[in-house]
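# Breakdown of the fold
Residue-level listing of the chains:
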Amino acid sequence: MQLIDLSNFKNLLHDSCLIYNKIPERKLTESDCYSCESIDRVDVVLRPEGILESYADLNWPFAYQSDVKTTVTVEDLALVLLNGDLLPCDYESNLKIDPLRAIEMKYGWFMHWRNCDDIQGKLLRALYRPDSFLSISPETWIIMSSKYKTVHYKKINTYYDGRVAVSQISGTFKYRLVPKNPCMEICNSLDGSLETHHTLVFNNFIWDFQYLPSNNSTNSVAIIYYLD
């Protein structure tokens, strides 16, 4: 019996018979939680490229200061990614108006969305690329806020059970890593802060990511990447 690679669409054009066996999703078990039960903080490391795989083997989150600097602004991202025929996925904001109008307002605002189109991925990489040792996929999330006062963290449902990187390219965000069930009974939630040019890496299979919109007058922007 020949197995057909579903990731290669050309196969479907030439095969007359397709047998599809759905691979069951892996579920988080209590034994997975042992990697986080002794963690009470997110380590900040100095040379991430040397320890990336070690932390991946341990399933430990970590943060580091990136060597990649940028002058990309919220206006740049909005004009490129939220303009024309490109529509974001899972867009959320306190202002139910055109995002381009929202970022020009003097009132506080926050917004986040998923760039689910390959074209958006290419456009974003033209504006900003993270550290070269991070192997990223095209799909990303954008988080932005300005002068928004709240004590309620916003959850990002990434739809991805793997390693994730959150790169802070301007301003600052407080974040919270919340263990998923059943790990919530075993592991602690981890709070931290991402300053400009800092990156957080964690396993989204174990942790949910939440962020607190910034109340600063400086616009805050972060990009979430899925790691291959």
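Refer to the structure presented above.
Note that the structure is a prediction, hence the values are computed from the model and not measured.

Here the focus is the overall build of the protein. Tallying secondary structure elements over the protein gives 5 helices and 12 strands in all. Summarising the internal contacts of the protein: among those between residues at least 6 apart in sequence, 75% fall at separations of at least 24. Surface accessibility of the protein: about 12,900 Å² in total, with carbon and sulfur atoms responsible for 50%.

Another aspect to go through is the pattern of salt bridges. Summed over the entire model, instances satisfying the criterion amount to 9 salt bridges. Across the pair Arg176 and Asp191 runs a salt bridge, and its minimum N-O distance is 2.9 Å. With a gap of 15 residues between them, Arg176 in strand β8 (residues 173–179) and Asp191 in strand β9 (residues 190–194) connect regions that are remote in the sequence. Overlapping salt bridges bring together Lys155, Asp161, Lys180 and Asp208 as one network.

Read from one edge of the open sheet, 4 strands run β6-β11-β8-β9, paired in antiparallel fashion. Pairing within the sheet leaves two strands with one partner each, and these edge strands are β6 (154–156) and β9. The average undirected angle you get between the axes of adjacent strands in this sheet is 30 degrees. Of the pairings in the sheet, the one linking β8 to strand β11 (residues 207–212) comprises 6 bridges and is antiparallel in character. Directly across from Arg176, in β11, lies its bridge partner Gln210.

Counted according to the given criterion, the structure contains 3 disulfides. Paired through a disulfide, Cys33 and Cys183 show a sulfur-sulfur distance of 2.1 Å. On the sign convention where negative is left-handed, the bridge of Cys33 and Cys183, at about -85 degrees about the S-S bond, is left-handed. Of this pair, Cys33 sits in the loop between α1 (10–14) and β1 (43–45) while Cys183 sits in the loop between β8 and β9, placing them 150 residues apart in sequence. Judged by its relative accessible area of 0%, Cys33 is buried. Here Cys183 falls in the buried class, since its relative accessible area comes to 0%.

Turning next to unusual backbone geometry. Note that the residue after Asn181, namely Pro182, is joined by a cis bond; omega there is 10 degrees. Relative to the elements of secondary structure, Pro182 occurs in the loop between β8 and β9. The phi angle at Asp90 is positive, at roughly 55 degrees, despite the residue not being glycine. When you line up the elements, Asp90 lands in strand β3 (residues 89–93). Despite not being glycine, His197 shows a phi value in the positive range, around 75 degrees.

On to the environment of Pro138, then. Tracing the backbone through its elements, the reader meets Pro138 in strand β5 (residues 136–146). With 90 residues separating them along the chain, Pro138 and Asp228 place their C-alpha atoms 10.0 Å apart. When residues no more than four places from it in sequence are discounted, the contact partners of Pro138 are Asp118, Gly121 and Arg125.

Let us look at the pairing of strand β4 (residues 109–115). Successive residues of a regular strand alternate their side chains across the two faces of the sheet. For β4, the buried fraction is high: 7 of the 7 residues fall into the buried class. Neither face of β4 is open: one carries Trp109, Met111, Trp113 and Asn115, the other Phe110, His112 and Arg114, and all of them are buried. Bridge count between β3 and β4: 3 bridges; the pairing is antiparallel. Directly across from Cys89, in β4, lies its bridge partner Arg114. Note: β4 against β5, 7 bridges, orientation antiparallel.

The next thing to look at is helix α2 (residues 48–58). Owing to its 3.6 residues per turn, the α-helix aligns residues three or four sequence positions apart on the same side. Considered for burial, the residues of α2 that qualify are Pro48, Leu52 and Tyr55. Around the axis of α2, the buried residues are gathered within 90 degrees of arc, so they sit on the same side. Residues of α2 that are exposed and angled more than 90 degrees away from the buried face: Gly50 and Asp57. Directly beyond the C-terminal end of α2, a positive phi value near 60 degrees is found at Asn59.

What counts as what
Residues numbered from 1 in each chain as written. Predicted model: local features only at pLDDT ≥ 70, side-chain atom pairs only at ≥ 80, totals over all residues. Heavy atoms only, no water. Helix = DSSP H or I, 4+ residues; strand = E, 2+ residues; numbered from the N terminus. Contact = heavy atoms within 4.5 Å. Areas by Shrake-Rupley, 256 points an atom, 1.4 Å probe, with all protein chains shown as cover. Salt bridge = Lys/Arg side-chain N within 4 Å of Asp/Glu carboxyl O. Pairing = 2+ DSSP bridges. Axes fitted to C-alpha atoms, helices over the stretch in contact; angles between N-to-C directions. Disulfide = S-S within 2.5 Å. Buried < 20%, exposed > 50% of the residue type's maximum accessible area, 1.4 Å probe, protein only. Arc of directions from axis to C-beta.

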